[in-house]
Amino acid sequence: MALGDLEREVMTQLWDARDPLTVRQVHELLSANRDLAYTTVMTVLDRLAKKKLVVQQRADRAYRYAPAQTREEMTAGLMLDALSATPDRDAALAYFLGQLPPGAIQAALQATPKET
Amino acid sequence: MTALLLGALGLTLSLVVPGLLAGARWPGRAPVAAVLLWQALTLTSVLCALGVVLAAPEELTRAAGANHPWTVAALLFSLAVAATIVIRLLISLIRVSARARARRERHRILVDLLDRVERRREVGGAEVRVLDGALPLAYCVPGREPRVVLSDAVLRVLDRAQVDAVLAHERAHLRHRHELVMESFTAFYQAVPPPLRSRAPLDAVHLLLEMVSDDAARRRVGPEPLRAALARLSDAVPLAEETPHDPAGDARRRRLDRLAAPAPNSAGLSVVAGVAAAGLFVLPTVILVVPWLGQALDAWPFRSL
């Protein structure tokens, strides 16, 4: 399985969990119906922590991991970044509709119901 | 004389022609050739600026004599100005592409994590990612591992054929490496000092590239689904229409008008614009710079040292 897919699945587990999870908990959740090494999960969590996408907390003797932002926050932030227009950032992405005035983006994101 | 001619050509190309070209409607009928014309225009005006800076002291040399100390000073000064122009452009290009690459990389990582796999499988395509959210959003992240990103709202608002039209449009951007064209124009825009710079080329080329992608998508899925997708997504974006003189809104209208026309592109117009672009690019080099170069080598001040 590609590392990218695994990263996404680990993030999904952390987002769905109520509390920060230990490596062992994430491993248990993911290896329910497949063969997955504990160390692989540890590596993935470490990589995500280095990218500042998850935060590592030390509790008792084990590290616990929590997402740095909720899925909704991260999605909203990404969309805002994708749509906001400043002259020096135009070149990075190509949009189907063209860019929106900043006011419209803010309003639309606030109107976005916090679903799922 | 050469310096004056080059200066006049450069000023015409950077101050008069962009306004005319940005206001013209015909580029919508030959978008590829029009992008080439914009590129030729921009590059030629840079060449003219360099030509003026380098030709002026040579003419001074002939007027004042090769060994006059002022001549050497003027030559050194103009070489420094020319070097500044070139270095400024190069630095701007490196900075813009580095920033764009970093931003794309970040987007690629985040959309991979936020991807709703279940929904993506309905859409099909290994590079497609689907995000949650009620804001209709479709964009592509160019690069070695490109992504086409759709928001859930797009899938809810559009039917299958319209989604395919949007994907075909975004894939055309990726296939034709449109990001490199936009990067070069952004780099040029940023290299020009703020009081002199103009957004006109940037906005015009951006719209033209959208039209090029529209044409590619149209060839694949026909004009109707693409037109419907564009119209529906614009309607679904709240507040965007309330802004007066919204340039993005105007661009959308022009794209919609093109998609309503039976066959907007004209082969003849493309050839004419393409030839104009090639001619423009060659013009200062051949007519002005080459004869000047011959004279300049004879009058080179360091030769007599």
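Residues numbered from 1 in each chain as written. Chains lettered and ligands numbered in written order. Predicted model: local features only at pLDDT ≥ 70, side-chain atom pairs only at ≥ 80, totals over all residues. Heavy atoms only, no water.

Looking only at helices and strands, one finds five helices and four strands in chain A. Reading chain A from its N terminus to its C terminus gives the helix and strand order α-β-α-α-β-β-α-β-α. Taken over 116 residues, chain A has a buried fraction of 41%. A separation of at least 24 residues holds for 49% of the contacts in chain A among residues at least 6 apart in sequence. For chain A, the exposed surface amounts to about 6200 Å²; the carbon and sulfur share of it is 51%. (Helix = DSSP H or I, 4+ residues; strand = E, 2+ residues; numbered from the N terminus. Buried < 20%, exposed > 50% of the residue type's maximum accessible area, 1.4 Å probe, protein only. Contact = heavy atoms within 4.5 Å. Areas by Shrake-Rupley, 256 points an atom, 1.4 Å probe, with all protein chains shown as cover.)

So, about the UniProt feature "transmembrane region" (unreviewed entry) in chain B. All names here are of chain B. The feature "transmembrane region" (unreviewed entry), as given by UniProt, occupies residues 33-56, 68-91 and 267-293 in the numbering adopted here. For the annotated span residues 33-56, helix accounts for 100% and strand for 0% of the residues, and the straight-line distance between the end C-alpha atoms is 34 Å. Annotation note: span residues 68-91, helix share 96%, strand share 0%, distance between end C-alpha atoms 35 Å. (UniProt positions renumbered as here; feature names shortened; annotations may be inferred.)

This part takes up the side chain of Arg258(B). Residue and element names in this part refer to chain B. As for its placement among the helices and strands, Arg 258 is situated in helix 10 (residues 247-260). Classification of Arg 258 by relative accessible area gives buried; the value is 7%. Ignoring sequence-local partners within four residues, the contact set of Arg 258 consists of Gly 28, Pro 31, Met 211, Asp 214, Asp 215, Arg 218, Pro 264 and Asn 265.

All names here are of chain B. Positionally, Val 205 belongs in helix 8 (residues 200-221). Val 205 sits in the buried class, given a relative accessible area of 0%. Between the alpha carbons of Val 205 and Glu 224 there is a distance of 24 Å; along the sequence they are 19 residues apart. The contacts of Val 205, once residues within four sequence positions are left out, are Trp 38, Val 181, Met 182 and Phe 185.

Residues and elements named next belong to chain A. Strand order across the open sheet formed by three strands is 1-3-2, with antiparallel pairing between neighbours. Here the strands that pair on one side only, and so sit at the sheet edges, are strand 1 (21-22) and strand 2 (54-59). Where strand 1 and strand 3 (residues 62-67) come together, two bridges link them in antiparallel fashion. Residue pairing for strand 3: Leu 21 is matched across the bridge by Tyr 65. (Pairing = 2+ DSSP bridges.)

The next point concerns the packing of helix 1 (residues 3-16) of chain A against helix 3 (residues 38-50) of chain A. Residues and elements named next belong to chain A. Remark: helix 1 packs on helix 3, axes separated minimally by 10 Å, with the N-to-C direction vectors making an angle of 80°. The pairing of helix 1 with helix 3 is recorded here as roughly perpendicular in orientation. Listed contacts from helix 3 to Leu 3, Leu 6, Glu 7, Val 10, Met 11 and Leu 14 of helix 1 are Thr 40, Val 44, Leu 45, Arg 47 and Leu 48. Taken together, the residues of the contact of helix 1 with helix 3 break down into eight nonpolar, one polar and two charged. (Axes fitted to C-alpha atoms, helices over the stretch in contact; angles between N-to-C directions. Parallel < 35°, antiparallel > 145°, perpendicular 65-115°, else oblique. Nonpolar A, V, L, I, M, F, W, Y, C, P; charged D, E, K, R; others polar.)

All names here are of chain A. For the coordinates displayed, the defined rule picks out 25 salt bridges over all chains. Ionic pairing is found between Arg 34 and Glu 9, a salt bridge with its closest N-O pair at 2.5 Å. One end of the pair, Arg 34, is in the loop between helix 2 (23-30) and helix 3; the other, Glu 9, is in helix 1, and 25 residues separate them in sequence. Arg 34 sits in the partly exposed class, given a relative accessible area of 28%. The class for Glu 9 is partly exposed, based on a relative accessible area of 23%. (Salt bridge = Lys/Arg side-chain N within 4 Å of Asp/Glu carboxyl O.)

Right, let's get into the packing of helix 7 (residues 178-191) of chain B against helix 8 of chain B. Residue and element names in this part refer to chain B. Orientation of helix 7 relative to helix 8, taken along the N-to-C sense of each, is 175°, at an axis distance of 10 Å. One way to sum up the angle between helix 7 and helix 8 is to call them roughly antiparallel. Across the interface between the two elements, His 178, Val 181, Met 182, Phe 185, Thr 186 and Tyr 189 of helix 7 pack against Pro 201, Leu 202, Val 205, His 206, Leu 209, Val 212 and Ser 213 of helix 8. Looking at side-chain class alone, the contact of helix 7 with helix 8 contains nine nonpolar, four polar and no charged residues.

Take the UniProt feature "domain: Peptidase M48" (unreviewed entry) in chain B next. Summarizing the sequence annotation, UniProt attributes the feature "domain: Peptidase M48" (unreviewed entry) to residues 104-186 of chain B in the numbering used throughout. A distance of 16 Å separates the end C-alpha atoms of residues 104-186 of chain B, which is 59% helix and 16% strand.

A few words now on the environment of Glu118(B). All names here are of chain B. With respect to the helices and strands, the residue Glu 118 is situated in helix 4 (residues 117-123). Residue classification places Glu 118 among the partly exposed positions, given a relative accessible area of 48%. Taking the C-alpha atoms as reference, Glu 118 lies 9.0 Å from Val 130; in sequence the two are 12 residues apart.

Despite not being glycine, Lys52(A) has its phi angle at roughly 60°, a positive value. As for its placement among the helices and strands, Lys52(A) is situated in the loop between helix 3 and strand 2. The backbone of Arg177(B) shows a phi angle near 50°, a positive value even though the residue is not glycine. By secondary structure assignment, the location of Arg177(B) is in the loop between helix 6 (160-175) and helix 7. The class for Arg177(B) is partly exposed, based on a relative accessible area of 42%.

Another point: helix 8 of chain B. Residues and elements named next belong to chain B. For helix 8, spanning 22 residues, the distance from its first C-alpha to its last is 31 Å, which sits close to the expected 32 Å at 1.5 Å a residue. Where burial is concerned, most of helix 8 is hidden: 16 out of the 22 residues are buried. Just beyond helix 8, the residue with positive phi is Gly 222, at close to 90°. (Expected span 1.5 Å × (residues − 1).)

Once that is clear, we can look at the packing of aromatic side chains. The geometry of two aromatic rings is summed up by the distance between their centres and the angle between their planes. In total, this model carries zero aromatic pairs over all chains according to the counting rule given. The ring of Tyr189(B) has Arg197(B) lying over it, and the distance from NZ or CZ to the ring centre is 4.8 Å. (Phe/Tyr/Trp six-rings, centres within 6.5 Å; stacked < 30°, edge-to-face > 60°. Lys NZ or Arg CZ within 6 Å of the ring centre and 35° of its normal.)

With that settled, consider the confidence of the model for chain B. All names here are of chain B. Per-chain confidence: chain B averages 85 in pLDDT, with 91% of residues scoring 70 or above. The secondary-structure element of chain B with the lowest mean pLDDT is helix 11 (residues 267-299), recorded at 80, while helix 6 shows the highest, at 94. Interface predicted TM-score (ipTM) for the complex: 0.81; the corresponding pTM is 0.84. (pLDDT = per-residue confidence, 0-100.)

Before going further, it helps to examine the side chain of Asp115(B). As for its placement among the helices and strands, Asp115(B) is situated in the loop between helix 3 (69-114) and helix 4. With sequence-adjacent residues up to four places away left out, Asp115(B) is seen in contact with Arg8(A), Arg71(A), Arg120(B), Arg129(B) and Val130(B).

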